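Examination of the molecular architecture
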Amino acid sequence: MKRNLKSFVTFSTLAATAIAPVLLSADMASAKPTGTDANYIGAGVAAGVTNGGQNNDAATFGGNIQGRVTTSKAPVSLRGAVLFSDDTSAIMPIVSYDVPVTNNANVYVGAGYSFIEDDGQPTPLGNKNAPVVTVGAEAQFGRNIVVYGDTKLGIEAYEDSPASAVSIQAGAGYRF
């Protein structure tokens with residue numbers, strides 16, 4: 001329980017750090033921001049910041065490929081993420097709730113599941129299949145560029161350990 005509380009506090013702190021710049025840059029004169037409705041695919045870095053306490057549980061640095069498909073009818077998006085290391089990758093389908101904070105930026109919270117390609121091998125988000133929650137921000141620049149950053153929490157995402165995994169992602173995408 002103590003370890004889960006520590007993971008939750010770490011996750012909350014990292015999420016606040018990722019979201020704060022977007023919230024602080026919001027235009028207060030705008031009555032109701034529209035956010036971004038960009039569908040995109042992007043790539044960037046992924047950094048695991050936790051350790052499960054066993055072999056193959058060390059915090060791992062790698063990359064990410066992320067995408068978003070949304071509709072203008074509801075503030076919900078379907079997201080996909082692949083976090084990879086030298087050894088294997090974690091593939092995540094995620095559903096998110098998007099909140100506009102400026103006319104070109106959203107913050108989001110979502111939930112999904114992480115499927116590890118090779119169980120037991122380290123990824124930035126643990127080494128076994130696990131439920132995932134995410135919180136992040138995305139902003140559109142110009143017509144076709146979207147930058148994003150988020151934090152993912154893999155719940156009990158390490159083999160032979162009750163520890164949860166936390167990973168921070170950042171990247172840039174192309175709007176389609």
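Each remark here, short or long, concerns the structure printed above.
So, here's what we can say about the structure. (Residues numbered from 1 in each chain as written. Predicted model: local features only at pLDDT ≥ 70, side-chain atom pairs only at ≥ 80, totals over all residues. Heavy atoms only, no water.)

This paragraph deals with the overall build of the protein. Check the secondary structure of the protein and you find 1 helix and 8 strands. Seen in sequence order, the protein has helices and strands lined up from the N terminus as α-β-β-β-β-β-β-β-β. Out of the 176 residues belonging to the protein, those deemed buried represent 46%. Within the protein, residue pairs in contact and separated by at least 24 positions form 57% of the contacts whose partners lie at least 6 positions apart. (Helix = DSSP H or I, 4+ residues; strand = E, 2+ residues; numbered from the N terminus. Buried < 20%, exposed > 50% of the residue type's maximum accessible area, 1.4 Å probe, protein only. Contact = heavy atoms within 4.5 Å.)

Glancing now at the pairing of strand E4 (residues 89-102). As paired strands, strand E3 (residues 76-84) and E4 are joined by 9 bridges and run antiparallel to one another. When the sheet's bridge partners are listed, Ser77 is paired in E4 with Ser96. The hairpin formed by E3 and E4 contains 4 residues between the paired strands. As paired elements, E4 and strand E5 (residues 105-116) share 10 bridges and run antiparallel to each other. In the sheet register, Pro100 faces E5, and the bridge partner there is Asn106. The hairpin turn running from E4 into E5, its antiparallel successor, is 2 residues long. (Pairing = 2+ DSSP bridges.)

We now examine the nonpolar core. Leu83, Met92, Leu125 and Ala165 are the most contacted members of the largest nonpolar core, which has 14 residues in total. Every element with two or more residues in this core is listed here: E3, E4 and strand E6 (130-141). Here Leu125 is in contact with Leu83, Met92, Ser114, Val132, Lys152, Leu153, Gly154, Ala157, Ala165, Val166 and Ser167, once residues within four sequence places are set aside. Val101, Ala105, Val107 and Ala137 belong to the second-largest nonpolar core, a separate cluster that totals 5 residues. (Core = buried A, V, L, I, M, F, W, Y, C linked by side-chain atoms within 4.5 Å.)

Before going further, it helps to spend a moment on a negative patch on the surface. Where like charges cluster on the molecular surface, the negative patch consists of Asp86, Asp87, Glu117, Asp118, Asp119, Glu159 and Asp160. Turning to its location among the elements, Asp118 is positioned in the loop between E5 and E6. What makes Asp118 partly exposed here is its relative accessible area of 41%. (Patch = residues over 30% accessible without salt bridge, like charges linked within 9 Å, V, L, I, M, F, W, Y side chains within 5 Å. Areas by Shrake-Rupley, 256 points an atom, 1.4 Å probe, with all protein chains shown as cover. Salt bridge = Lys/Arg side-chain N within 4 Å of Asp/Glu carboxyl O. Lys, Arg positive; Asp, Glu negative; His and termini not counted. Charge placed at Lys NZ, Arg CZ, Asp CG, Glu CD.)

Sizing a probe to match a water molecule and rolling it over the atoms shows the empty space that remains. Tallied over the entire structure, the rule returns 1 cavity of 30 Å³ or more. Taken as a whole, the largest cavity spans an internal volume of roughly 70 Å³. Tyr40, Gln66, Gly67, Arg79, Gly80, Ala81, Ile94, Tyr108, Thr134, Asp150 and Lys152 are the residues that line the largest cavity. Among the secondary structure elements, those contributing two or more residues to the lining of the largest cavity are strand E2 (61-70), E3 and strand E7 (145-154). The element best represented in the lining of the largest cavity is E3, accounting for 3 residues. (1 Å grid on protein atoms, 1.4 Å probe; cavity = no way out; pocket = protein on both sides within 12 Å on 5 of 7 lines; lining within 4 Å. Points joined across faces, edges and corners; volume = space filled by probe spheres on them.)

Time to look at the environment of Thr102. Examined against the element boundaries, Thr102 turns out to sit in strand E4. The spacing of Thr102 and Lys32 is 70 residues in sequence and 8.2 Å in space, taken between C-alpha atoms. Here the side chain of Thr102 touches Ala105 through a polar contact of 3.1 Å, landing on its backbone nitrogen. (Polar contact = N/O pair within 3.5 Å; in protein donor to acceptor, adjacent residues only side chain to side chain.)

A few words now on a nonpolar patch on the surface. Where nonpolar side chains cluster on the molecular surface, the patch consists of Ile41, Ile65, Val69, Val76, Leu78, Phe84, Val95, Tyr97, Val99, Val109 and Phe176 and spans about 980 Å² of accessible area. Going through the elements one at a time, E2, E3 and E4 are the ones with two or more residues in the nonpolar patch. For Ile65, the position within the fold is in strand E2.

Turning to the packing of aromatic side chains, a few remarks are in order. Here the structure, examined in full by the defined rule, presents 2 aromatic pairs. Centre to centre, the rings of Tyr40 and Tyr148 are 5.9 Å apart; their planes meet at 20°, and the pair counts as stacked. With Tyr40 in strand E1 (residues 40-48) and Tyr148 in strand E7, the pair connects residues that are 108 residues apart, well separated along the chain. Summarising the burial analysis for this pair, Tyr40 and Tyr148 share the class buried. Considering the side-chain rings of Tyr113 and Phe115, the 4.9 Å spacing of their centres and the 55° angle between planes classify their relative orientation as tilted. Look at Phe115 and you get partly exposed, because its relative accessible area is 41%. Looking at Arg79, its charged tip hangs above the ring of Tyr108, at a distance of 3.6 Å from the centre. (Phe/Tyr/Trp six-rings, centres within 6.5 Å; stacked < 30°, edge-to-face > 60°. Lys NZ or Arg CZ within 6 Å of the ring centre and 35° of its normal.)

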